[in-house]
Structures are given as C-alpha cells and as structure tokens.
Amino acid sequence: MRKVRRRCKNPDCREWFHPAFQNQTWCSPECGTVIALTKREKDRQKSIQEAERRRKDEAQQERRSIKVRKLALQPLSHFHKQAQAAFNEYIRTRDAEAPCISCGRFHEGKYDAGHYRTRGASPATRYDETNCHKQCVPCNQHLSGNIENYTPNLIKKIGQAAFDRLMGPHELKKWTREELQELAAHYRQKTKELNKRREAA
Ligand SMILES: [Zn+2]
Ligand SMILES: [Zn+2]
C-alpha cells in the first residue's frame, strides 16, 4: 500500500499519521476511543432529535384530526355562517367606495352587506352578488333594508335585466359542507385579490 498520510480526526489531536487500514481516522487507540465516543454521542443526540420530531409530527396530526372531527360534528348552519361572512366581507370590499345602496349616504361608521331579497324569504339568492350591496346599519337594521329606496338604486346599479333575473325564480341549491367551505374560500380569495389590486393601483 502507498504510504499515505492522514490527519487524526480527534479535534484535540490533529496529528499526522500513517493509517494501517482504509478506514482508520485516528492516530492512536486513545484517539480512536475519543472519536468513537464522540460519534456515539452524536448518534444519540440525533436519535433524540428524531424522536422529538416524530412526537411533534404525531401531535400535529392528532390536532388536525381533532379539528376535522369537530368540523364534521358542526351543523350545516355553521358552514353557511362561515360562507355568508366571507361573502358579505367581499360585498363590503367590492362596494368600499360606494355610498349606502338605499339612502345614498356616506357615513362614518359600520356598514353591512344588505340583501335585497332577504335570506329568510329567498335563501336561493343569499350568495347572489346582484342581491347584496353595501348598506348603512340604520337602513339595514332599523329600516328593514329601506326597500323603497333600495329598489330604484339597485335597478340603477345592476340594470333592469339583472334586476328581473334576480326577482325571477331561483332553484334552491342543496349545499354540502364541502361546497360551503369552498364558497367561503372563494370569497376570501376574491376579497384578498381585490384589496391587492387596489393597493397596487
Ligand atoms: Zn490523534
Ligand atoms: Zn343607508
């Protein structure tokens, strides 16, 4: 064998030596022991870290599955509530620059997303964008939508054809939990994109 020289891998030694075999990284039995013990300690630490990581993964998995199970126990109304909140938020964002659809006021304070055809009387149009517009709280909550003023302003805004379509018959959709979750995600995304476009403008 060629006379090669190597440096001892014991960091406290680093002496040059001539290895007697291929994998020898130590200059002396003492250094061999140091290296072996260091490696054993490193392996031990690694296996502790791996066990810790596995434990965390399992805990996260468990939390996720609890969340899924909890969600599965929620009534459909819970998912409608989530979807409606996301839809209404989009309507308020879409109409951010507009006045109240009914009274035409710009006022300081809270605005609602006011349904023209109410959710109770017309559940099929609760997620219809032509049916919902930014409305001040007084009109929405205290004047039952201020409908006599809502009507002409709505026709002006969306046009007679869209108004007639809105007032026409609608098939009542049977929503599933998953569809409502998708609808909520869809409107959250739309709101986000709209805000981003406005910030960029
Ligand atoms: Zn050594
Ligand atoms: Zn108003």
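Before reading further, recall that the structure is shown in the block above.
In this report, we go over the structure that sits alongside the text. In this numbering scheme, every chain counts its residues from 1 along its sequence in written order. Chain labels run from A onward and ligand labels from 1 onward, assigned in the order the entries are written. With pLDDT at 70 or above as the cut-off, local features in this predicted model cover only qualifying residues; side-chain atom pairs require 80 or more to be listed or tallied, and sums for whole chains, interfaces and linings still use all residues. Each side-chain value is derived from all of the structure's non-hydrogen atoms; neither hydrogens nor water enter the calculation.

**Some words on the overall build of the chain**
Helical segments are the DSSP runs of H or I of at least four residues, strand segments are the runs of E of at least two, and each set is numbered from the N terminus. When its secondary structure is counted, the chain shows six helices and four strands. Helices (α) and strands (β) of the chain occur, in sequence order from the N terminus, as β-β-α-α-β-β-α-α-α-α. The dimensions of the chain, computed from C-alpha atoms along their principal axes, are 100 × 45 × 30 Å. Only protein chains enter the accessibility calculation, which uses a 1.4 Å probe. A residue is then buried if its area is under 20% of the maximum for its type, exposed if over 50%, and partly exposed in between. Counting over 201 residues, the chain shows a buried share of 28%. If you take every contact in the chain between residues at least 6 apart in sequence, the share linking residues at least 24 apart comes to 62%. As displayed, the chain has an accessible area near 14,200 Å², and 53% of this comes from carbon and sulfur atoms. In this tally Asp and Glu are treated as negative and Lys and Arg as positive; neither His nor the chain ends contributes. Each charge is placed at NZ for Lys, CZ for Arg, CG for Asp and CD for Glu. Taking the average place of the 42 positive charges on the side chains of the chain and the average place of its 25 negative ones, the gap between the two points comes to 5 Å. Note on contacts: a residue pair is in contact if any heavy atoms of the two residues lie within 4.5 Å. Only the protein chains shown count as cover for residues, and the accessible areas themselves come from Shrake-Rupley with a 1.4 Å probe.

**Focus on the coordination of the zinc ion (ligand 1)**
Counted as donors are the N, O and S atoms within 2.8 Å of the metal, or 3.2 Å for Na, K and Ca, while water is not among the atoms, so some sites may look incomplete. The zinc ion (ligand 1) binds to the protein through Cys8 (SG), Cys13 (SG), Cys27 (SG) and Cys31 (SG); the donor distances cover 2.2 to 2.4 Å. Irregular is the label for any site that misses the other tests, which are tetrahedral for four donors with all angles between 85 and 135 degrees, and square planar for four donors or octahedral for six when opposite donors exceed 155 degrees and the remaining angles lie between 65 and 115. Classification of the site at the zinc ion (ligand 1) as tetrahedral follows from its four donor atoms and the range of 102 to 117° in their angles at the metal. Mapping the donors of the zinc ion (ligand 1) onto the primary sequence yields the spacing C-x4-C-x13-C-x3-C. Of the two residues, cysteine 13 is situated in the loop between β1 (6-7) and β2 (16-17) and cysteine 31 in helix α1 (residues 29-73); the sequence distance between them amounts to 18 residues.

**A word on the coordination of the zinc ion (ligand 2)**
For a metal with four tetrahedral donors the ideal donor-metal-donor angle is 109.5 degrees, whereas six octahedral donors ideally subtend 90 or 180 degrees. The coordination sphere of the zinc ion (ligand 2), as far as protein atoms go, consists of Cys100 (SG), Cys103 (SG), Cys136 (SG) and Cys139 (SG), spread over 2.3 to 2.4 Å. Considering all four donor atoms around the zinc ion (ligand 2), angles at the metal cover 102 to 115° and the coordination shape is tetrahedral. Every donor residue of the zinc ion (ligand 2) comes from the same chain, spaced as C-x2-C-x32-C-x2-C. Judged by its relative accessible area of 1%, cysteine 136 is buried.

**A word on a positive patch on the surface**
Patch construction takes residues with relative accessible area above 30% that form no salt bridge. Like charges are linked within 9 Å, and nonpolar side chains (Val, Leu, Ile, Met, Phe, Trp, Tyr) are linked within 5 Å. Throughout this description, the term salt bridge denotes a Lys or Arg side-chain nitrogen within 4 Å of a carboxyl oxygen of Asp or Glu. Residues Arg5, Arg7, Lys9 and Arg14 make up a contiguous surface patch of positive charge. In this fold, lysine 9 is placed in the loop between β1 and β2. The class for lysine 9 is exposed, based on a relative accessible area of 53%.

**A word on the packing of aromatic side chains**
Pairing of aromatic rings covers Phe, Tyr and the six-membered ring of Trp, with a centre-to-centre limit of 6.5 Å; geometry is then stacked below 30 degrees between planes, edge-to-face above 60, and tilted otherwise. In the structure shown here, the tally under the stated rule is seven aromatic pairs. Consider the rings of phenylalanine 87 and tyrosine 127, whose centres lie 5.9 Å apart with planes at 80°: the pair is edge-to-face. You can see phenylalanine 87 sitting in helix α2 (residues 76-94) and its partner tyrosine 127 sitting in the loop between β3 (111-115) and β4 (132-136), a full 40 residues away along the chain. Note on accessibility: phenylalanine 87 and tyrosine 127 belong to one class, buried. Chaining the aromatic ring pairs together yields one cluster made of Phe87, Tyr90, Tyr127, Trp175 and Tyr187. In this scheme, Lys NZ or Arg CZ marks a charge over a ring once it lies within 6 Å of the ring centre and within 35 degrees of the ring normal. Between the NZ or CZ atom of arginine 5 and the centre of the ring of tryptophan 16, over which it lies, the distance is 4.2 Å. Just above the ring of tryptophan 175 sits the side chain of lysine 173; from NZ or CZ to the centre is 4.8 Å.

**Describing the packing of α2 against helix α6 (residues 177-200)**
Closest axis-to-axis distance for the α2/α6 pair is 8 Å, and the angle between their directions is 20°. Taken together, the axes of α2 and α6 are roughly parallel relative to one another. As α2 packs across α6, the resulting crossing turns out to be left-handed. Residues Leu76, Phe79, His80, Gln82, Ala83, Ala86, Phe87, Glu89, Tyr90, Thr93 and Arg94 of α2 form the contact with α6, whose own contacting residues are Arg177, Leu180, Gln181, Leu183, Ala184, Tyr187, Arg188, Lys190, Thr191, Leu194, Asn195 and Arg198. Only Asp, Glu, Lys and Arg are considered charged, only Ala, Val, Leu, Ile, Met, Phe, Trp, Tyr, Cys and Pro nonpolar, and every remaining residue, Gly among them, polar. In terms of residue class, the contact of α2 with α6 is made up of eleven nonpolar, six polar and six charged. To get an axis, a line is fitted to the C-alpha atoms, and for a helix only the part in contact is used. The angle between two axes follows their N-to-C directions and goes from 0 to 180 degrees. An angle counts as roughly parallel when it lies under 35 degrees, as roughly antiparallel when it exceeds 145, as roughly perpendicular when it falls between 65 and 115, and as oblique in every other case. Handedness of a crossing follows from how the near helix is turned relative to the far one, being left-handed for an anticlockwise turn of less than a right angle and right-handed for a clockwise one.

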